[in-house]
Amino acid sequence: MNCLHSLPHIVLELAGFKGDTRQLLQVSETSAGWFNFSSSIMVGKYVGQLFGSLGVVMRRCMFNVLSVGPIPNHLAFIMDGNRRYAKKRNLEFGAGHKAGFLSLISILKYCYELGVKYVTVFAFGTDNFNRRPEEVQMLMDLMLEKIEGLLEQESILYQYGVRVLFIGNLKLLKEPVRVGMEKAMKATANNTRSVLLVCVSYSSQAELKHAIRESCKDKSHVVEALNSVDKAYGSTVTKESEECEKISSVFSHDRTQDFCQDELDESGAHKASSVCNNLTVGISNGVIKDDEKIKGECCIVKMVDIKKKMYMAVAPDPDVLIRSSGETRLSNFLLWQTTNCSLYAPASLWPEMGLWEIVWATIIYQRNYFYFERKKKQL
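Visitor: Can you explain the overall build of the chain? Please cite residues and give values.
Guide: Scanning the chain for helices and strands turns up 15 helices and six strands. Residue burial in the chain is summarised as follows: out of 379 residues, 45% are buried. Taking all contacts inside the chain whose residues are at least 6 apart in sequence as the whole, residues at least 24 apart take part in 74%.

Visitor: Residues and numbers for the sheet that holds strand β5 (residues 320-323), please.
Guide: Strand order across the open sheet formed by six strands is β3-β4-β2-β1-β5-β6, with parallel pairing between neighbours. Where the open sheet ends on each side, the last strands, each with one partner, are β3 (162-167) and β6 (342-344). Going across the sheet, the axis of each strand differs from the next one's by a mean of 20°, ignoring polarity. Bridge analysis of β3 against strand β4 (residues 194-202) gives six bridges, and the strand direction is parallel. Its bridge partner being in β4, Leu165 is matched across the sheet by Leu197. Sheet strands in contact with helix α6 (residues 133-150) are β2 (118-125), β3 and β4, and its direction is about 150° off that of β2.

Visitor: With reference to specific residues and values, describe the nonpolar core.
Guide: Most often, soluble globular proteins keep nonpolar side chains buried together rather than apart. Within the largest apolar cluster, 50 residues are counted, with the highest numbers of intra-cluster contacts made by Phe77, Val119, Phe166, Met181 and Leu196. Considering each element in turn, this core owes the most residues, eight residues, to helix α5 (residues 95-114). With residues up to four places along the chain from it excluded, the contact list for Leu196 reads Leu108, Tyr112, Val119, Val121, Leu157, Val162, Arg163, Val164 and Leu165.

Visitor: Hey, could you go over the pairing of β2 for me, with residue numbers and the actual values?
Guide: It is a general feature of regular strands that their side chains alternate between the two faces of the sheet. Burial runs high along β2: seven of the eight residues are buried. In this sheet, β2 lies alongside strand β1 (residues 74-78) in parallel orientation, the contact comprising five bridges. Across the sheet, the residue bridging to Ala76 is Thr120, located in β2.

Visitor: For the environment of Cys199, give the residues involved together with the corresponding values.
Guide: Locating Cys199 in the fold gives a position in strand β4. Spatially, the C-alpha atoms of Cys199 and Phe124 are 6.6 Å apart, while their sequence positions differ by 75 residues. In contact with Cys199, other than residues within four places in its own chain, are Thr120, Val121, Phe122, Ala123, Phe124, Ile167, Met312 and Phe333.

Visitor: Run through the layout of surface pockets, naming residues and quoting values.
Guide: Its boundaries defined by the atoms lining it, the largest pocket holds a volume of some 930 Å³. Surrounding the largest pocket, 37 residues form its lining, Met79, Asn82, Phe122, Ala123 and Phe124 being those nearest its centre. Mapped onto the lining of the largest pocket, the elements with two or more residues apiece are α4 (82-88), α5, β2, α6, β3 and β4. Broken down by element, the lining of the largest pocket gets its largest block of residues, six residues, from α6. Partitioned by chemical class, the residues of the lining of the largest pocket number 19 nonpolar, 10 polar and eight charged.

Rules used throughout
Residues numbered from 1 in each chain as written. Predicted model: local features only at pLDDT ≥ 70, side-chain atom pairs only at ≥ 80, totals over all residues. Heavy atoms only, no water. Helix = DSSP H or I, 4+ residues; strand = E, 2+ residues; numbered from the N terminus. Buried < 20%, exposed > 50% of the residue type's maximum accessible area, 1.4 Å probe, protein only. Contact = heavy atoms within 4.5 Å. Pairing = 2+ DSSP bridges. Axes fitted to C-alpha atoms, helices over the stretch in contact; angles between N-to-C directions. Core = buried A, V, L, I, M, F, W, Y, C linked by side-chain atoms within 4.5 Å. 1 Å grid on protein atoms, 1.4 Å probe; cavity = no way out; pocket = protein on both sides within 12 Å on 5 of 7 lines; lining within 4 Å. Points joined across faces, edges and corners; volume = space filled by probe spheres on them. Nonpolar A, V, L, I, M, F, W, Y, C, P; charged D, E, K, R; others polar.

What follows is the structure, encoded as structure tokens:
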């Protein structure tokens, strides 16, 4: 019996309580418990701190074990299941997305503790503009609210030295949200330890259209410069310049409809290829002088040119793409960047995601590491 009475004192000492535990704990002779209501609250507080500290120690030990193998440099997330989470628990409108933000903070903390440099999240796609207006407005308001919260000095961005970047066609967003995003990017520009990329108003089709359009604009400028190289061959070069301008105009629209409904114009790539082929033929037949060969090569739109113009060019390709709720669709997200990437689709809805999903994603990456490294070398 004496052991039972001394147990609360032992718990408080383990939790780091300093002071006279006899004054804190008052054993009640008339109740079945060890202490009254007020003392139980205090014990609960310190026991919570104790188990919280134990959880941190266990997590660090687990991460140390995982760090024996390769750690993914870049994790990407499709945050799916917020609405289903709210419906499943009969929560009010928008509560699922608020719970999803709390899950995002925990996921970011685990990733940065593990040593992941880049984290990308799919926050809002161009297709989401087709949802009910009140839901879109709620998401925009919530996004603006959370951006302001992340800018506080005690937030995870400053705790882990995270630079935040918003990726996508930000022109489609309302001015208050866009201004808030620009403020966040500017405020965290000097953070260098980790990077958080938030894809907003994003789709891979829009990203490809943007990259091809910008690449063709660059090449058209090169072709225009060739017009002044030699008047004798000016007509040939001028023709190529006109073709490049036509290609550029195909992708010159900034309307919302182009980004939300149009599919990628495959004929643009074909036209660009024809222009480059004509220049190559001219070089091989001696129509274009030897000193113009380098300029001719610069007119060719290459894969590397398109990749440099991608929204996601600011980060390396992801090592693992994780989609919550068990769905295995990419949903027009990072189609270009996931050529050599592990896919992981846990059954948990996004607000239910936690430490174990990050651990399993890392294990999947380590298991497939050498295979994907060989694939990358073959490119």
